[in-house]
Amino acid sequence: MKRREFLKLTAASGLLLATDAGVSRASEAKGPSPDAVGILFDATLCIGCKVCMVACKRENSVPGGALWTEGMTRPPFEYNPGLRNWDMATDLTSRTLNIILTYRNGTGNTKNAEIDGYTFVKRHCMHCAEPACVSACPVSAMTKDKKTGIVTYDKDACIGCRYCQVACPFNIPKFEWDQAYPQIRKCQLCNHRLKEGKYAACCEFCPVGASIYGKVTDLRAEAERRLAQTPGDFYDYPQQRVDSFKTVSSKVARYQKHIYGVNEVGGTQYLMLSGVSPDKLGLPKLPERSFTAKSETIQHTLYKGMIAPGVLLAGLLFAAYRSGRGHEGEDKP
Amino acid sequence: MSHVHTPVGGPLFTRVFAIALVVAGIGAWFLTQRFMYGLGAVSNMSDGYPWGIWITYDVLVGTAIGCGGYAMALLVYIFNKGEYHPLVRSAVMTSLFGYALAAASIFVDIGRYWNMFNIFKPSLMNFNSVLLEVALCIAAYVGILFLEFFPTFIEARGGPGAAKGYNKIMFILVAIGVLLPTMHQSSLGTLMVISGDKLSPLWQSGLLPFYNVTTAILMGFGIVIFESYLSAVAFKRPFETPLLSKVAGVIPGLLIVYLVVRWADLLLRGALGSAFAGTAGLMFWIENLLFVAALAMLMPAARRTSAKSLCRASFVLLLGCAVLKFNMYIVGFQPAPGWRYFPSVPEIMVTLAIVAVEIMAYLIFVKKLPVLAAPEHT
């Protein structure tokens, strides 16, 4: 190969390293696995009792739970020194992994109405199909279970770099800023209870069936059935689990015709139905193609088989060697 | 022509050194607080802004300032411009400090530092993670920089020419020493792609890797000029004006390429709508005005002939690139309504302490080791 051609090739691979050439090819959205489990939260049913928050904190403050710390004697309650109250979290923190928040507008009289209405919304980890935190973590401390799709955290791998927090489009992972030996905390869909044959505590203890647990495919079908009902009609809402025989008949509310979590960033295993549009409830409008896919496409285009870096290195070796021979007898740096 | 490097000599404990020592001491005190009571005790970082100035300044800007060695190696070895040789050694040394201290800052910043070496465990490595590439690549580069600088130690003991044998393999180190910064400086840009909509469209782009590596090279050239000026003044040595004005001649072309790509990208994505609101909008204009100003100050060849104007222009360039990097990681990062970040006093003091350590190390090294090119008497 002539020197000029060689240098050209080198420059081209260098350019490839520095840009995202060839990124236009969209990666296929995988969607949840058939065995993936998740939660369907129906905001129109939620009465804001926060029993799910209490259950979450209690059931996760045991060995294996998402809030467990070696030697803990009681759940990690929140203390707000300004208001001097205990465990009245106002947002997700490293001690509160599941929260019920209130939406209020105008007079706040009508349930599920966007104007002059109110509603409750439940926030916790979405267990994304293409989780940004899992893609971001350099040491595989965040992993997504191949079967259940649950995104779990391993403190023994974690270096505390907090890139998962930067990456998450829902701002879910929380860091223990007040600890000398901190961990990342997030909802792990009661993974430890699953192993005991139980399921997510927030669903088990929800008294009105606002949160139900089940396979994502079943949850999606259930959500679609609810959207197909006529507002004002009665519908048999399953309690606790989507496959439960226990149902409660209630009046169907006026839903937003959108199941949040089906298409957002490649799909999530937490699905939400509501009367108020999701972005008003703190669930951001997101594109179908995940940022995770974008980032991975750039990275894998540049580093596929280490070809581009390899070619660049060969060119650099050649150029540096030539340059060195040209200055024979001179001092190097 | 042979290039001889000599130690500058003179007393070590000067006033500048003493001030740097005090600043380093204050930073060290805050660091003990950080390790005893956690990151929240000293920093304003939060779950909304998990990365503050320790990452943005100490790592992102710090390594870009440390790109002097990278930029000069590109010029001297790859583009075959041997005439710039006298500038290489001090550039490599500044790079070594910049990168070593960036690595040290990471240790301070990460919450579970005792697990730090997990990034080297093959069973845990996640090859989808941009941060893994950055971490491994920076770690490797610190090693390469040390090996590139090693002849200085050999010469310090054996005199000029003692490192001749070692220099035979130098071309390998130089080639790897250009490859690695190209990789991790572009990845430091890719790092923010996954944050998606949380980063303002003024910065969020598939071209972030290109922007970050280009500005790292620009900062590399900028720091070579700026540092040469400062050391000429501080040690009362002649300023290598002709040589440095030639180095400065490389900058305008690179700046134009950067600005054309950046603005074409902004216009094609229709991102400018966000440029007229809030702090982010203001900082966007400051960033771009600094780049344009640096270009105006360096474009006419006549302006590249005086030491003072070169120093001034390189400072504006460094500032512009630094503002871009702050915008990319902090100012343009808007995770959700309600989150705010401005660094705390202890956070700033720790960062200043790191700069102070860098200055002290620089003073010790140039005074005791043959780093700076001996003034030529003609």
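Scoring rules and cut-offs
- Residues numbered from 1 in each chain as written.
- Chains lettered and ligands numbered in written order.
- Predicted model: local features only at pLDDT ≥ 70, side-chain atom pairs only at ≥ 80, totals over all residues.
- Helix = DSSP H or I, 4+ residues; strand = E, 2+ residues; numbered from the N terminus.
- Buried ≥ 20, exposed ≤ 12 C-beta atoms within 10 Å, placed from the backbone.
- Contact = placed C-beta atoms within 7 Å.
- Expected span 1.5 Å × (residues − 1).
- Pairing = 2+ DSSP bridges.
- Nonpolar A, V, L, I, M, F, W, Y, C, P; charged D, E, K, R; others polar.
- pLDDT = per-residue confidence, 0-100.

(A) Seen up close, the overall build of chain A. Helix and strand counts for chain A stand at nine helices and 14 strands. When each of the 333 residues of chain A is scored for burial, the buried share is 49%. Put simply, of all contacts in chain A between residues at least 6 apart along the chain, 63% involve residues at least 24 apart.

(B) Region of interest: helix H9 (residues 241–268) of chain B. Residue and element names in this part refer to chain B. The first and last C-alpha atoms of H9 sit 41 Å apart over 28 residues, in line with the 40 Å expected at 1.5 Å per residue. All buried positions along H9 are accounted for by Leu244, Val247, Ala248, Ile251, Leu255, Tyr258, Arg262 and Leu266. The inward-facing, buried residues of H9 abut helix H8 (208–234), helix H10 (278–298) and helix H11 (307–331). Gly270 lies just past H9 and shows a positive phi near 60°.

(C) Region of the structure containing the environment of Met116 of chain B. Position of Met116 of chain B relative to the elements: it lies in the loop between helix H4 (85–109) and helix H5 (130–158). Residue classification places Met116 of chain B among the partly exposed positions, given that 17 C-beta atoms sit within 10 Å. Taking the C-alpha atoms as reference points, Met116 of chain B and Arg340 of chain B, 224 residues apart in sequence, are found 28 Å from one another. When sequence neighbours within four positions are dropped, the list of residues in contact with Met116 of chain B reads Ile159 of chain A together with Phe107 and Ile110 of chain B.

(D) Structural detail: the sheet that holds strand E4 (residues 99–104) of chain A. All names here are of chain A. Read from one edge to the other, the open sheet built from three strands follows the order E4-E6-E5, with strand pairing classed as mixed. Edge positions in the sheet fall to E4 and strand E5 (110–111), since each of these pairs with one other strand and no more. Relative to strand E6 (residues 117–123), E4 runs antiparallel, the two being bridged by six bridges. Counted as the bridge partner of Leu101 is Val121 from E6.

(E) Quick look at the interface of chain A and chain B. Tallying the contact residues gives 57 residues for chain A and 63 residues for chain B. When contributions to the side of chain A that touches chain B are tallied by element, the ones reaching two or more residues are helix H1 (3–18), helix H3 (132–136), helix H4 (163–167), strand E9 (174–175), helix H8 (291–303) and helix H9 (307–326) of chain A. Of all the elements, H9 of chain A adds the most residues to the side of chain A that touches chain B, at 11 residues. In terms of residue class, the side of chain A that touches chain B is made up of 33 nonpolar, 15 polar and nine charged.

(F) Just the confidence of the model for chain B, in detail. With 98% of its residues at a pLDDT of at least 70, chain B reaches an overall mean of 91. Reported for the predicted complex are a pTM of 0.91 and an ipTM of 0.92.

(G) Highlighting helix H3 (residues 68–78) of chain B. Here H3 of chain B lies mainly inside the structure; 11 of its 11 residues are buried. The complete set of buried residues in H3 of chain B reads Gly68, Gly69, Tyr70, Ala71, Met72, Ala73, Leu74, Leu75, Val76, Tyr77 and Ile78 of chain B.

(H) Broad picture of the pairing of strand E14 (residues 270–273) of chain A. Residue and element names in this part refer to chain A. With burial as the criterion, each face of E14 is covered, one bearing Tyr270 and Met272 and the other bearing Leu271 and Leu273. The sheet contact formed by strand E1 (residues 37–42) and E14 spans four bridges and is parallel. Its bridge partner being in E14, Asp42 is matched across the sheet by Leu273.

(I) Fine view of the pairing of strand E11 (residues 211–215) of chain A. Residue and element names in this part refer to chain A. A large share of E11 lies buried, amounting to five of its five residues. Across five bridges, E1 lies against E11 in antiparallel orientation. Each residue of the ladder has a partner; that of Leu40, found in E11, is Ile212.

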